[in-house]
Amino acid sequence: MVKKVKIEDCANYISCGDCLGARDPFCGWCSLENRCSVKSKCLSSDDPLRWLPFDSNKCINITDVSPRQTPRQVEAKIQLTVDQLPPLTTGYVYSCVFGNVMTTVAMTTSNGVSCDTAQISMLPKSMPGKDHITLTLGIRSSESSTVFVEDTFTFFDCSAHTSCTTCVSSQWECDWCVYSNLCTHNSSTCSQTVVTGQNNPVTSSTKGASFCPRLLNTTSIFLPDGVSQEITLTGVHLPMPMPGQDGYMCVIDISPTAVQVPATRVNNIIKCQAHAYSYTASQGSLQARLRVIWNGGYMLDDPMVTNVTLYKCAMLGSDCGSCLGLSRNTPYQCVWCGDTSKQCKYTKSCTSGSVQACSSITINKVSPLSGPIEGGTSVTIDGSNLGSEYSEVMDAVTIAGMPCRPNATLYIVSKRIVCQTEPVGAVRTGPVIVTINGITQQWTQEFSYKDPTVMSIIPSYGPKSGGSRVTIHGRSLNAGNDIQAYIGGVICQIDRSQLTENTTVCSTGAMSMPTTDTEVKMTFDLHPRVLPGAFNYTADPTITRITPLKSFISGGRQITVQGTNFNVIQAPKMFIMKGSLRSNSTVCNIQNSSIMTCQSPVAPVEIKAVVNRSLSKRALSPTEASVGFIMDNVMSVQNLTYYFPNVLSSLVYVMDPVYFKFKEKDGIHIQKGDNLVIEGRNLNLASESDEVLVMIGQEGCSITSLAETQLVCRTPATQPAGSKENELPWVIVSVGNLKYDIGQLQYEVEEGLSPAVIGVIAAVAAVLIIIIIIILVIHRRKTVIAKREYKHMQIQLDTLESNVRNECKQAFAELQTDMSDLTNDLVATGIPFWDYHSYAFKVLFPGVQDHPVLHEPNAYDSQQVNIEQGMKCFEQLLNNKVFLLHFIRTLEAQKTFNIRDKVNVASLLIIVFIKKMDYATEILRYLLEELVEKSVSSKHPKLMLRRTESVVEKMLTNWLSLNLYGYLKSSAGNSLFLLYKSIKLQVEKGPVDAVTADARYSLSEERLLREKIEPVTLTINIVQDGDSDNDTVQCKVLDCDSITQVKEKMLDALYKHIPFSNRPSVKDLELEWRHGRSGHLTLQDEDVTSNTDEGWLRINTLSHYKVPDAANMALIDSFNNTLKTNGDFNTTLSSINSGTPMITDVENGSRQYHLVKQQDDGQQREGRHNMISEIFLTRLLSTKGTLQNFIDNVFQTILDAQSPLPVSIKYIFDFLDESATRHGITDSEVVHTWKSNSLPLRFWVNIIKNPDFVFDVNKSHIVDSCLSVIAQTFMDSCSTSEHRLGKDSPSNKLLFARDIPKYKKWVEKFYSDISAMDAISDQDITIAMNDLSRNYESHFNKTSALLELYQYATKYNAEVLEELEDSPEARSQRLPSKLEEVADTITA
């Protein structure tokens, strides 16, 4: 294989350092364009500073910025020292760019540039809590419109500081005006006292935060609720209010209000006036912030944050003990008042005297009331007046006559004592007694010391993953406070709600491997009791098979599960998962260790919706959900896909079976004969006959047949009884969780003739009666037989319909399999996208194989310099917006400037500006605004952008195409490629006429093969010479394929991982059949063995040569018998036509045909049925149904506004919305049509119809016709008009009639979602366009493109000059003379 590669890859180096450091002799740094490139692609590269070669010593950089920062309120002059600043071409200037938000003109100096910050109003606001913003400061040249060197610059804002300390401590030159309470960069505006910032270079006696007026740290301040108190604070550098200024105030923030109290200042002491502070919150204490302000709102700095604590004694000390504890152990001034109130009060509020000891003890609860004889049980005693401090309770508790030592850390004053029991020698029982300060209280229940015993465990086995719920039996198992269970050293989690004296229930933990005779241990307050060898850990259950794997959505179908070790699980359950959705679980019944049965779960609501939505439309793709099982803590059976990949574990959900009621009006069915027929739908989608139960009253009806729409069962011999006396029985059908009442049933009663009548008739005409009876019997018998035959025929029709449906499903499944293989291949090899250059060429010049923009201009060496210089001048003119707009308007005004010229000019302009897409976008917007003005003034504004009638419309197409290249590669390209491949694979599964390109599988009626041909699929082995180590490559072909078609399919099989342009051309290869001793036979479309008939020559096929299945074939080069690969761009263009129909005229005058003979008018020959019947329409429907998912996926991807869309889409849509608003257009259909005419019509329809623009693939005629139908459907979906369908409607509209309304909703939602997005600013679109210009490399020759454009300027020179002369703006810029200078330069 030979590949063409570039000798350099300069674009891979992002920075100047990387570029020069790579030491690539072909690469250098293009300074003003800020990119690594070869010298020929850098503007004015002859200047040594404009293009730095790889051996340069250093890059261009900013070595100094002076100053580095400035106040944001002040305009400043900035000097940038730049090393190796390139000189500019005359007429161009430098500018300073501040973070893409502010741009100012720069003046060149001896060592760099200087600029000012004149546009400070454009600066963004600082972030909350920040006093500055730092922006990138870059230098940009108007010649390249690119920022080529950057540094940083800071704008600071002193006014962001609201306190003196933070102001003067900031990193900027900020000072604090004390009497203005203001932080400023200009302290000259301050009156009187100024605290100078620590970073201000000015010398000052009051410099730094130590001179700020502020409060000093004070001791904690406690304020009793509702008691008047004075607060004293200490400060430093406290200002004396000036005349006219308010004095000091103390502010305490007590939620939800703030209390202000007047304050006095004496030197550095502040006293807040006495005030009774109070709060409403129901809590014992509340912390509040204390602030000091002066002059109405100036707040003193408080670096340490002064807080006060308000408290309520009555809530802090709810009883005597807790109140006494407050007074002894906390700073709260609370006492227990001995008066009749018996309440905890503030010391000064208790006038009757306080008590020092409580008079009673209360015990409310003791827990637990038992513990092991070894002691160590933590006993909790809750109550009130349980001591006021720990020293009072140290020896206060005895339990069953033994001391119980309290825990100091767990003691809660007055409320709780937690003590630990001492060991005793034997079982005993006794009281719990608390004695404090001579007062004793005994609990009503006694405490028991017990000796626990573990006796057995049930069950005695479980899986090693744990989760088994076991019951431990014994005595005194609830003794103690901390009770734990262990099996094999692993904790068994105890269910506390099930803990009793004789049993304990716990869940086993996990073991690393199965074990036997494992000990069971329980600990009671850390004291163990052991039962040896009592439990076995077994291997986890496994799943080997699940059947059946189909259920209806209401669930209840019996699923049989096979595996191992099911008997060690106590309560297995089954569930299903669909993505993140999980169903409720159903209980399974264990039959033995290897088999259990489960009921299929009811599908969650979300899955039901998917099933009903898809299957109601007869979609062929099943709705699957993953099966999982809950077996204790065995996680492997919950994810069978991961842990048991070889087990089929996807449960297919189908619609519920529906059994119809009897059709009789009264609901009573008269049963005639033995078989009862019950109608319905979906009856056998997920049910077998033995899974359905039919009950007639209390008796069963034996099912003999179950079809999709019918159930037949044999009724009991005699009429079953109803549930009530004299009531007919009800027919009930049960399947899974479903139950249907069909109606009541009554057997037919044959009424005989009465004996009296028989006697009379016998006497009159006995013989006649016998004859009549015989006739009636015969008639009745024939009627019954006819009914049975009808029922049998109906069942056969249902079976036939089911077979047809299964055939469609199989076709879809085969395509899905092929597409799955393709998807797997794509993961390894990727999608064969064209590179940006090839894509751009195909979009800009569709159908063109060669163009001047791909080459250097054709000129003599003596003319080359003049042409290049002239084109540079012409490019400068095109970069002038005034000239370019006048130039385009003038061209479009000429009658000889046709559609082809407009398309060509639009494409050439895009090539010229492909590295300046921001400028191209600006021009496009101006031209679009003019087009909108013209359209809204016409009678039919909806027609705007419908056809390419102007340069701007083609420019919009090109602009969108280049912008969306990255989106195609990252998002939309995948689904589009899969659609193309699915069409190609499906089409090639059936016969395709090599002459007419008609095919059996087609979406286009014009390309539908109107002939019944039954091809045979052959699998051939492809022999590859000189590559014996390779596995044999197999290829599927049809016996009716032409030899060229076989060669194409073989190339697809051999080169499936190689782009089409790198494959050999089918025209350069011969097909050789190698069949053992007979030797090698070269097969051709036409040879001496070809059959002729009445002037018709039939193209040879495999069946013509009688090629058998599994034949060995080889592709040989026509010249040297070896395969070769063509890899360059020209080869691609020459081989792309291999999929076109063959030429029908041959040298001998005969006409060729392949599958069908065609007349000159395109119709079939006489003698054949020329029909467009339902059989052919069903082929269209079959193909459409098979490809439906891939079509939907493409449309969904294109119309998904939630994926990262290019900003260009939002930008152009916003422009159209703004234009409609500006011109007062209120008809929403107009804007909708504009949007549809822009993006879908101008881009997506073109890409859908021409995937070979995006991918390196071959598009055959039949694939092209199918894609054209899909593209038209997409366009119809974007239209607002309603299409009325009738018998004369085009087949493509009938084919997608039911889908287009759905697609229209997708389009409307797509447009609505884009409108709801945040607007795209001019800055955002500029950044996006610059990224597009920078990120993608093209190889077009700009000089050739300019020369092509200049030919139009030459052709219409007089008209262009006249237009420029008539424009004052053009004359002021000397544009007419500059255009003449271009001509002079070229002809010099």
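Description of the structure in this document. (Residues numbered from 1 in each chain as written. Predicted model: local features only at pLDDT ≥ 70, side-chain atom pairs only at ≥ 80, totals over all residues. Heavy atoms only, no water.)

**Let's talk about the overall build of the chain**
Thinking step 1. Counting its regular elements, the chain contains 27 helices and 69 strands.
Thinking step 2. Taken against the 2.2 N^0.38 rule, which gives 34 Å for 1388 residues, the C-alpha radius of gyration of the chain at 47 Å runs more than 25% over that of a compact globule.
Thinking step 3. Each principal axis of the C-alpha atoms in the chain carries an extent, and together these give about 135 × 135 × 70 Å.
Thinking step 4. Split into buried and exposed, the 1388 residues of the chain put 47% on the buried side.
Thinking step 5. Look at the contacts in the chain between residues 6 or more apart in sequence, and 65% of them connect residues 24 or more apart.
Thinking step 6. Counting every atom, the chain has about 68200 Å² of accessible surface; 51% of that belongs to carbon and sulfur. (Helix = DSSP H or I, 4+ residues; strand = E, 2+ residues; numbered from the N terminus. Rg over C-alpha atoms; globule rule 2.2 N^0.38 Å. Buried < 20%, exposed > 50% of the residue type's maximum accessible area, 1.4 Å probe, protein only. Contact = heavy atoms within 4.5 Å. Areas by Shrake-Rupley, 256 points an atom, 1.4 Å probe, with all protein chains shown as cover.)

**What about the sheet that holds strand β55 (residues 675-681)?**
Hydrogen bonds between backbone atoms are what pair the strands of a sheet, whose relative direction is either parallel or antiparallel.
Thinking step 1. Spatially, β53-β55-β59-β58 is the arrangement adopted by the 4 strands of the open sheet, whose pairing is antiparallel. The open sheet terminates on both sides in strands that have one partner only, identified here as β53 (658-659) and β58 (702-706).
Thinking step 2. Note that β53 and β55 share 2 bridges and pair antiparallel. Across the sheet, residue Val658 finds its bridge partner in β55, namely Arg681. (Pairing = 2+ DSSP bridges.)

**Side note on the state of the cysteines**
When the sulfur atoms of two cysteines share a covalent bond, that bond is a disulfide.
Thinking step 1. Counted according to the given criterion, the structure contains 18 disulfides.
Thinking step 2. Put simply, Cys313 and Cys334 are joined by a disulfide, and their sulfur atoms are 2.0 Å apart. Linking Cys313 and Cys334, the disulfide has an S-S dihedral of approximately -75° and is accordingly described as left-handed. Residue Cys313 is found in helix α3 (residues 313-316), and its partner Cys334 is found in strand β24 (residues 334-336); the two are separated by 21 residues along the sequence.
Thinking step 3. Two residues share a disulfide in this structure: Cys588 and Cys598, whose sulfurs sit 2.0 Å from each other. Between Cys588 and Cys598 the disulfide shows an S-S torsion of about 110°. By sign, it is right-handed. Of this pair, Cys588 sits in strand β49 (residues 586-592) while Cys598 sits in strand β50 (residues 595-599), placing them 10 residues apart in sequence. (Disulfide = S-S within 2.5 Å.)

**Observations regarding empty space enclosed by the protein**
Thinking step 1. For the structure on display, the rule yields 4 cavities of 30 Å³ or more.
Thinking step 2. Estimated volume of the largest cavity: approximately 90 Å³.
Thinking step 3. Lining the largest cavity are 15 residues, and of these Cys358, Asn385, Glu392, Ile436 and Asn437 lie nearest its centre.
Thinking step 4. No other element matches helix α4 (residues 320-329), which puts 3 residues into the lining of the largest cavity.
Thinking step 5. Tallied by class, the residues present in the lining of the largest cavity amount to 6 nonpolar, 7 polar and 2 charged.
Thinking step 6. In this structure, the second largest cavity spans a volume of roughly 70 Å³.
Thinking step 7. Every residue along the wall of the second largest cavity is listed here: Cys164, Trp176, Val178, Asn181, Pro213, Pro239, Trp294, Met299, Leu300 and Asp301. (1 Å grid on protein atoms, 1.4 Å probe; cavity = no way out; pocket = protein on both sides within 12 Å on 5 of 7 lines; lining within 4 Å. Points joined across faces, edges and corners; volume = space filled by probe spheres on them. Nonpolar A, V, L, I, M, F, W, Y, C, P; charged D, E, K, R; others polar.)

**Focus: helix α22 (residues 1300-1316)**
Thinking step 1. Counted at 1.5 Å a residue, the expected span for α22 with its 17 residues is 24 Å, and the 24 Å between its end C-alpha atoms agrees.
Thinking step 2. All of the buried residues in α22 are Ile1300, Tyr1303, Lys1304, Val1307, Phe1310, Tyr1311 and Ile1314. Projection of α22 onto a plane perpendicular to its axis shows the buried side chains occupying an angular sector of 120°, all on one side. Set apart from the buried face of α22 by more than 90 degrees, the exposed residues are Lys1305 and Ala1316. (Expected span 1.5 Å × (residues − 1). Arc of directions from axis to C-beta.)

**Regarding the packing of aromatic side chains**
Thinking step 1. Enumeration over the complete set of coordinates arrives at 37 aromatic pairs.
Thinking step 2. Pairing Phe156 with Trp172 gives two aromatic rings, centres 5.3 Å apart and planes at 5°, and the pair type is stacked. Of this pair, Phe156 sits in strand β11 (residues 146-156) while Trp172 sits in the loop between α2 (164-169) and β12 (175-177), and the two are 16 residues apart along the sequence.
Thinking step 3. Pairing Tyr311 with Tyr332 gives two aromatic rings, centres 4.8 Å apart and planes at 55°, and the pair type is tilted. In this pair, Tyr311 is assigned in strand β23 (residues 307-311) and Tyr332 in the loop between α4 and β24, connecting sequence segments 21 residues apart. We note that Tyr311, like Tyr332, is buried.
Thinking step 4. Members of the aromatic cluster, joined through ring pairs, are Tyr179, Tyr248, Trp294 and Tyr298.
Thinking step 5. Over the face of the ring belonging to Tyr486 we find Lys521, whose NZ or CZ atom lies 5.3 Å from the ring centre.
Thinking step 6. Sitting over the face of the ring of Tyr919, Lys916 holds its NZ or CZ atom 5.5 Å from the ring centroid. (Phe/Tyr/Trp six-rings, centres within 6.5 Å; stacked < 30°, edge-to-face > 60°. Lys NZ or Arg CZ within 6 Å of the ring centre and 35° of its normal.)

**Topic: a negative patch on the surface**
Thinking step 1. Judged by side-chain charge, Glu1359, Glu1362, Glu1365, Asp1366, Glu1380 and Asp1384 come together as a negatively charged surface patch.
Thinking step 2. Listed by contribution, the elements that provide at least two residues to the negative patch are α25 (1357-1366) and α27 (1375-1387).
Thinking step 3. Sort the elements by how many residues they give to the negative patch and α25 lands first, with 4 residues.
Thinking step 4. Here Glu1365 is to be found in helix α25. (Patch = residues over 30% accessible without salt bridge, like charges linked within 9 Å, V, L, I, M, F, W, Y side chains within 5 Å. Salt bridge = Lys/Arg side-chain N within 4 Å of Asp/Glu carboxyl O. Lys, Arg positive; Asp, Glu negative; His and termini not counted. Charge placed at Lys NZ, Arg CZ, Asp CG, Glu CD.)

**As for the sheet that holds strand β63 (residues 1033-1038)**
Thinking step 1. Strand order in the open sheet made by the 5 strands is β63-β62-β68-β64-β65, with mixed pairing throughout. Of all strands in the sheet, those with a lone pairing partner are β63 and β65 (1080-1083), marking the two edges. Going from strand to strand, the sheet's axes swing by 40° on average, the running direction of each strand aside.
Thinking step 2. Sheet analysis places strand β64 (residues 1069-1074) next to strand β68 (residues 1112-1117), joined by 6 bridges and oriented antiparallel. Counted as the bridge partner of Arg1074 is Asn1112 from β68. (Axes fitted to C-alpha atoms, helices over the stretch in contact; angles between N-to-C directions.)

**A word on unusual backbone geometry**
Glycine aside, residues mostly have negative phi, and peptide bonds are mostly found in the trans state.
Thinking step 1. Cis geometry marks the peptide bond from Ser66 to Pro67, where omega comes out at -5°.
Thinking step 2. The residue Pro67 is located in the loop between β4 (61-66) and β5 (69-71) in this model.
Thinking step 3. The linkage connecting Ser367 with the following residue, Pro368, adopts the cis geometry, with an omega of -5°.
Thinking step 4. Counting through the fold element by element, Pro368 comes out in the loop between β26 (362-367) and β27 (370-372).

**Quick word on the packing of helix α12 (residues 917-936) against helix α23 (residues 1322-1335)**
Thinking step 1. Their axes nearest at 7 Å, the elements α12 and α23 cross at an angle of 130°. The orientation of α12 relative to α23 falls into the category oblique. Contacts between α12 and α23 involve Met917, Asp918 and Thr921 from the former and Ile1325, Thr1326, Met1329, Asn1330, Leu1332 and Ser1333 from the latter.
Thinking step 2. In terms of residue class, the contact of α12 with α23 is built from 4 nonpolar, 4 polar and 1 charged. (Parallel < 35°, antiparallel > 145°, perpendicular 65-115°, else oblique.)

**A word on the pattern of salt bridges**
Thinking step 1. Under the definition given, this model contains 42 salt bridges.
Thinking step 2. Notably, a salt bridge pairs Asp1264 with Lys1259, separated by 3.0 Å at the nearest N-O pair.
Thinking step 3. You can call Lys1259 buried: its relative accessible area is 18%.
Thinking step 4. One connected set of salt bridges, linked through shared partners, spans Lys984, Glu988, Asp1052 and Arg1063.

Any link to function would need more than the numbers given here.
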